[in-house]
Amino acid sequence: MASNKAGGGIMASRIKSANVKFFPEAVLGYLGGPFFALIPNGIINVFLMQYWVNVLGLNDWAGVFTWLLPLVSSIFIIIGNLLVGKLMEGKPRKAGKARPLLVLSVPALIVAMFALFMAPSPYNANSLATPVLGEGATIWTLIVVAIGYNLFYAFAWPLYYTSHSSMVNLSTRNATQRSLLGTLVMAGQVGAAGVAGMAGGLLADLLGLLPTTQNVYSELIKAGYTAEEAAKKANSWFSDPTMSLNAARADANSRWLIIMIVLVVALFVGVALEFMFTRERITEEQFALSAEGRENTTASKPAKKASMGQQVKICMKDKYWWVIILFFFFYQLGGMLKNNGQNWYSQAWTGGTSVSSLIGTLGAIPTALGMVVVWPLAHRFGKANTIKWGAALAVILGFIGWIPLFIHTEDVGLITTLSVLGFCLKAIGTVPAMYVSVALMSDMLDHQEAVYGIRTDGFTMSVYGSIMIAMTGISNAIIVGVQSAVAADLWTYRAAMTMIFFGGEMACYLIIFLIMNIMNVEKFSDLDHAAIEAEQRKIAEAQGIPFVPNAERLAAEQAKAEVEAREASIEELRVKCEKTGKDFEAAKAEFEANEAKKAEEAAAKKAAAEAKAAEKKAAKEKALADKLAAMSPEEKAAYDAKEAEKAAKKAEEEAKLAALHAEMVEKGHKVLAA
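Residues numbered from 1 in each chain as written. Predicted model: local features only at pLDDT ≥ 70, side-chain atom pairs only at ≥ 80, totals over all residues. Heavy atoms only, no water.

**Student:** In this structure, what is going on with the overall build of the chain? I would like to understand it.
**Tutor:** If you tally the helices and strands in the chain, you get 22 helices and 0 strands. Projected onto its principal axes, the C-alpha coordinates of the chain cover approximately 85 × 75 × 65 Å. Every one of the 674 residues in the chain was classed for burial, and the buried ones make up 52%. Once local pairs closer than 6 in sequence are excluded, the contacts in the chain between residues at least 24 apart make up 83%. Element-wise, carbon and sulfur atoms account for 67% of the exposed surface of the chain, whose accessible area totals about 30000 Å². If you average the places of the 62 positive and of the 60 negative side-chain charges in the chain, the two averages end up 3 Å apart. (Helix = DSSP H or I, 4+ residues; strand = E, 2+ residues; numbered from the N terminus. Buried < 20%, exposed > 50% of the residue type's maximum accessible area, 1.4 Å probe, protein only. Contact = heavy atoms within 4.5 Å. Areas by Shrake-Rupley, 256 points an atom, 1.4 Å probe, with all protein chains shown as cover. Lys, Arg positive; Asp, Glu negative; His and termini not counted. Charge placed at Lys NZ, Arg CZ, Asp CG, Glu CD.)

**Student:** I'm lost on the side chain of arginine 281 in this one. Help?
**Tutor:** Its location among the elements puts arginine 281 in helix H10 (residues 281-288). Here arginine 281 is in contact with Ile15, Ser17, Ala18, Asn19, Val20, Glu25, Leu170, Ser171, Thr172 and Arg553, once residues within four sequence places are set aside.

**Student:** Whenever I open this one, the nonpolar core confuses me. Can you help?
**Tutor:** Side chains of nonpolar character tend, in soluble globular proteins, to be buried together. In this structure, Trp52 and Tyr331 are the most contacted members of the largest nonpolar core, which totals 145 residues. In terms of residue count, helix H12 (residues 319-350) provides more of this core than any other element does, 16 residues in total. Residues within four places of tyrosine 331 in sequence aside, it is in contact with Met186, Ala433, Met434, Met468, Tyr509 and Ile512. (Core = buried A, V, L, I, M, F, W, Y, C linked by side-chain atoms within 4.5 Å.)

**Student:** What exactly am I supposed to notice about the pattern of salt bridges here?
**Tutor:** Pairs can form between side chains of opposite charge once their charged atoms are near each other. Applying the stated criterion to the full structure yields 23 salt bridges. A salt bridge links aspartate 443 to lysine 383, with the shortest nitrogen-to-oxygen separation between them at 2.8 Å. Highlighted residues: aspartate 443 in helix H16 (residues 412-452) and lysine 383 in helix H14 (residues 383-397), separated in sequence by 60 residues. The residues aspartate 443 and lysine 383 share a single accessibility class, namely buried. We note a salt bridge from aspartate 640 to lysine 636, for which the minimum N-O separation is 2.7 Å. Highlighted residues: aspartate 640 and lysine 636, both in helix H22 (residues 633-668), separated by 4 residues, approximately one helical turn. On the accessibility criterion, aspartate 640 (35% relative accessible area) is partly exposed. Lysine 636 gets classed as partly exposed once you look at its relative accessible area, which sits at 28%. (Salt bridge = Lys/Arg side-chain N within 4 Å of Asp/Glu carboxyl O.)

**Student:** Mind showing me how you'd approach unusual backbone geometry here?
**Tutor:** Note on backbone geometry: most residues besides glycine have negative phi, and most peptide bonds are trans. Backbone torsion omega between phenylalanine 23 and proline 24 reads 5 degrees, so that peptide bond is classified as cis. Within the secondary structure layout, proline 24 lies in helix H1 (residues 22-55).

**Student:** I would appreciate a short explanation of a nonpolar patch on the surface in the present structure.
**Tutor:** Together, Val64, Trp67, Leu68, Leu71, Val72, Ile75, Phe76, Ile79 and Leu83 make up an exposed nonpolar region whose accessible area comes to about 800 Å². Note that leucine 68 resides in helix H3 (residues 63-88). A residue is classified by how much of its surface remains accessible, and leucine 68, at 37% relative accessible area, is partly exposed. (Patch = residues over 30% accessible without salt bridge, like charges linked within 9 Å, V, L, I, M, F, W, Y side chains within 5 Å.)

**Student:** What should I look at first to understand empty space enclosed by the protein in this one?
**Tutor:** Evaluated as defined, the whole model comprises 2 cavities of 30 Å³ or more. Roughly 680 Å³ of volume is contained in the largest cavity. Among the secondary structure elements, those contributing two or more residues to the lining of the largest cavity are H1, helix H5 (136-171), helix H6 (175-207), H12, helix H13 (354-381), H16, helix H17 (457-486) and helix H18 (490-515). Looking at the lining of the largest cavity element by element, the count peaks at 9 residues for H12. Taken together, the residues of the lining of the largest cavity break down into 19 nonpolar, 18 polar and 2 charged. Lining of the second largest cavity is provided by Tyr161, His164, Ser165, Val168, Val185, Gln189, Val438 and Tyr464. Sorting the residues of the lining of the second largest cavity by element identifies H5 and H6 as the ones contributing at least two each. (1 Å grid on protein atoms, 1.4 Å probe; cavity = no way out; pocket = protein on both sides within 12 Å on 5 of 7 lines; lining within 4 Å. Points joined across faces, edges and corners; volume = space filled by probe spheres on them. Nonpolar A, V, L, I, M, F, W, Y, C, P; charged D, E, K, R; others polar.)

**Student:** Can you help me understand the packing of aromatic side chains in this one?
**Tutor:** What describes a pair of aromatic rings is the distance from one ring centre to the other and the angle between the planes of the rings. Under the criterion given, the structure shown has 27 aromatic pairs. Put simply, the rings of Trp52, Tyr149, Phe152, Tyr153, Trp157, Tyr160, Tyr161, Phe327, Phe328, Tyr331 and Tyr464 touch in pairs and so form one group of aromatic residues. It is arginine 99 that lies over the ring of phenylalanine 275; its NZ or CZ is 4.2 Å from the centre. Here the guanidinium or amino end of arginine 494 rests over the ring plane of tryptophan 491, the centre of that ring lying 4.9 Å away. (Phe/Tyr/Trp six-rings, centres within 6.5 Å; stacked < 30°, edge-to-face > 60°. Lys NZ or Arg CZ within 6 Å of the ring centre and 35° of its normal.)

**Student:** Teacher, can you tell me more about the side chain of lysine 388 here?
**Tutor:** Note on placement: lysine 388 falls in helix H14. Salt bridges are absent for the buried lysine 388, whose nearest opposite-charge side chain, glutamate 522, sits at 10 Å. Here lysine 388 is in contact with Phe513, Met516 and Asn517, once residues within four sequence places are set aside.

**Student:** Got a minute to help me understand H17 in this structure?
**Tutor:** One turn of the α-helix equals 3.6 residues, which is why residues spaced by three or four share an orientation. Taking 1.5 Å per residue, 30 residues should reach 44 Å; H17 reaches 43 Å between its end C-alpha atoms and fits that length. In H17, a bend of some 30 degrees at methionine 471 exceeds every other bend along the element. Burial within H17 is extensive, with 24 of its 30 residues counted as buried. (Expected span 1.5 Å × (residues − 1). Bend = angle between axes of the 7 residues up to and from the residue.)

**Student:** Just checking my understanding: could you explain the environment of alanine 470 for this structure?
**Tutor:** Along the polypeptide, alanine 470 turns up in helix H17. In this structure, the C-alpha to C-alpha distance between alanine 470 and asparagine 81, residues 389 residues apart in sequence, is 9.9 Å. Contacts of alanine 470, omitting those with residues within four sequence positions, involve Ser74, Ile77 and Gly465.

**Student:** Would you explain H12 in this entry?
**Tutor:** For H12, with 32 residues, the first-to-last C-alpha span of 46 Å sits near the 46 Å given by 1.5 Å per residue. A bend of about 45 degrees at glycine 341 is the largest found in H12. Of all 32 residues making up H12, 26 are buried, and the element is well covered by its neighbours. If you check the start of H12, you find a side-chain oxygen 3.1 Å away from the backbone N of tyrosine 320, and it comes from aspartate 318. Positive backbone phi, approximately 90 degrees, marks glycine 351, located one or two places after H12. (Polar contact = N/O pair within 3.5 Å; in protein donor to acceptor, adjacent residues only side chain to side chain.)

**Student:** How should I be thinking about the packing of H16 against H22 in this particular structure?
**Tutor:** The angle between the axes and the distance between the axes are what describe a pair of packed helices. Packing of H16 against H22 leaves a shortest axis separation of 7 Å and a crossing angle of 70 degrees. Viewed along their axes, H16 and H22 adopt a mutual orientation that is roughly perpendicular. Of H22, the residues touching H16 (which contributes His447, Ala450, Val451 and Tyr452) are His661, Met664, Val665 and Gly668. When the residues that make up the contact of H16 with H22 are grouped by side-chain class, the tally is 5 nonpolar, 3 polar and no charged. (Axes fitted to C-alpha atoms, helices over the stretch in contact; angles between N-to-C directions. Parallel < 35°, antiparallel > 145°, perpendicular 65-115°, else oblique.)

**Student:** How should I be thinking about the environment of methionine 49 in this particular structure?
**Tutor:** With respect to the helices and strands, the residue methionine 49 is situated in helix H1. Classification of methionine 49 by relative accessible area gives buried; the value is 2%. Along the primary structure methionine 49 and glycine 370 are separated by 321 residues, whereas in three dimensions their C-alpha atoms are 31 Å apart. Once residues lying within four places of it in the same chain are set aside, the contact partners of methionine 49 are Thr66, Pro70, Trp344, Asn476, Ala477 and Val480.

Keep in mind these numbers describe shape, not what the thing actually does.
Listed below in C-alpha cells is the structure:
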C-alpha cells in the first residue's frame, strides 16, 4: 500500500509523529483543547435552567414550558446528531473526517451561545410589577428561549461534540496510547465540569446572577428576617433594600452577556488546540486505500465505504454496541442529574449556591487522583470489570449523602460536611466509568470493523452525541418538573433534591453494574486487529497495489517526519546565522554535536533499561531454577505435570477464542449481503 500524500495547508494537523506522544499531542490536543472547549457547555448545562427560572421567572408564568421544551427538543437533538454523523461519514480525507467539523462548529456555537442568553426580560427594572401575560416581551421571551435552546443543543453543539467524541476512536489502534488519550479527554471534560461547579456557584452569588426570594434583601425582609440577618444572607450584589425581586431579575439578565463573552474566548482557544494538535491515524488508513490517497497506481476501485444504513444495520445486531450505548445512556443521565441538580440541592438546604461550589471543588479531588490509579486497575482486571465494581462502590458509598435527610438537621455545617463527604466517596466509584469508558467504546468499534468489515463511527458517535447532549435537557426537565411540584414544602423539596442529586446517579450506577456483566469485548482485541489488517491487505491486493502493514507505514512516516524536522531546524539555524552574522558551519557543527550527545544519552538510557529488564528476568529464572533444584523427583514431576496442564489449558482457551472469532467474522461479513 502506497504511503499517504504529504498533508499541508491550513487543515493539516501539526502532529507529524506516527506514535502518540505525551506532548504536544496528548497534553494540548486531548487535554487542554477539550478542557477549554467544554467549559462553556459546563456553565450552560448547570445554569441555563436556573437562568430560565430565577432570571426570566418562567416558572411563575410559563411553568409547563420549562420542562416541556427540553423534552420536545430532544427529538431535534437526535436528528441533529444523526445529520452530523452522516456529514462526518463522507469520503476519507487526509485532514480526517472529524477534525474539519471542529472548525465549522465555532461560528455556529458563538451565535448559539449568545442566543441562549439574549431573551428579552419580561420584567421592568424600575417597576415592582410582575409580567403581564400577553405582552410582547413575554411572547418574545418564549420564542427566543426556544430558538436559542434548539440552535445550541440541536445544531451547534452536535457539530462540535460528535466530532470531538470521535477523536480518540480515530486517533490510533494502539490500545495503550488510546487509553492515555481517552483518560486525558475525560480529565479535560471533568476539569471543565469542575470549573463550572467550582467557579459557577461562587460567581452566581457574588455577581447576583440568580436572584431568588432566598437571597434578595427586600424579599428576606418580607419573609421575617431582621435587617442584620437579611444583610448577611442576601446576595452581595442585591443588598440594596429598595431592589425588588423583579428588578433584580431584570438587572441580572443584562450581565449574563458578559459571561458569554468570556465563554466564547474559552471556546475559541479550546477548539484551536484540539484541531491543531490531534491526528486521525485510522482515517488515514482509509485515505491510503482511497483513490486520492494512492500514488503510482492506475487502480481505480475504491476502498469499501460504509453507508449510514449499513452502519445502522450492523449496530442493531451487535450486542456489544447495545451494552455500550446503554452504559452511556445511564452514565450520562446519572451524571446530569448530579451536575444539574447540584445547585438546586444546595439552594434547597442552604438557600444559596456556595455549598454547591464547595462540593464541586472538593469533589474534584477523588476524580483527579483516580485518574492515576484507574488504568493500572483496568489493565489488571479489564476495563468492563473495573467499571462494574466501581459502580457497585458508588452505589454503596453514596448513601452517606442521604444522612442529613434522615437526621432532619438544620445545621448548615453538618449538612455541608455530610454532603461533601457523600459526594467525594461516591465519586471514587464513578472514576472508572469516567476515564475508561471511551477506550472501551473504541474496543467495541474495532471489534465491529473486524467482524463486519466496516467501522460505524458515524452512526455510533451520532447516537453517543445524542445521548450526551439530550440528557442535559431531559435531566433539567425532570429537575424543574419535580421542583415545581414540591417547592412549597421545604422538607419535601429537600427530600426530592436529595433523591435527584444523590439518588439519581446511584440508581443509574446500579443498572451499569448489571449490564457490565455481559461486556467482554476486550478479550477479542488482538484478534480484531489481526483481522482488520488482513482485510486491508485483501483490499489493497484487489486494487493491485502493494500492501504495507500499518505499523511499517507509520514507522516510515515517523522517520520521514524526523528527517524533515531536522532539515527545518538546520534551515532555521542558517537563516538565524545570516541575520546575526554568525558562522553557519560552526553553528551547524555545534548543533550536530548536541544532536549526537542526545542520541548517545538516549542510547545509554535504553541500554540501561534493557540491562535492568534482563537482570530482572535472569533473577526470576534463577529463583525458579533454585526452586526446582530443591524439589524431590516426585515434586518435580508433579510441578512439570501441573505446568503442562496449565499450558495446555491456555492453548485450548486461545484456540477456542480464535475459532469463535473466526466464526464471528465469517458470519459478520455476510450481514450486509443479507
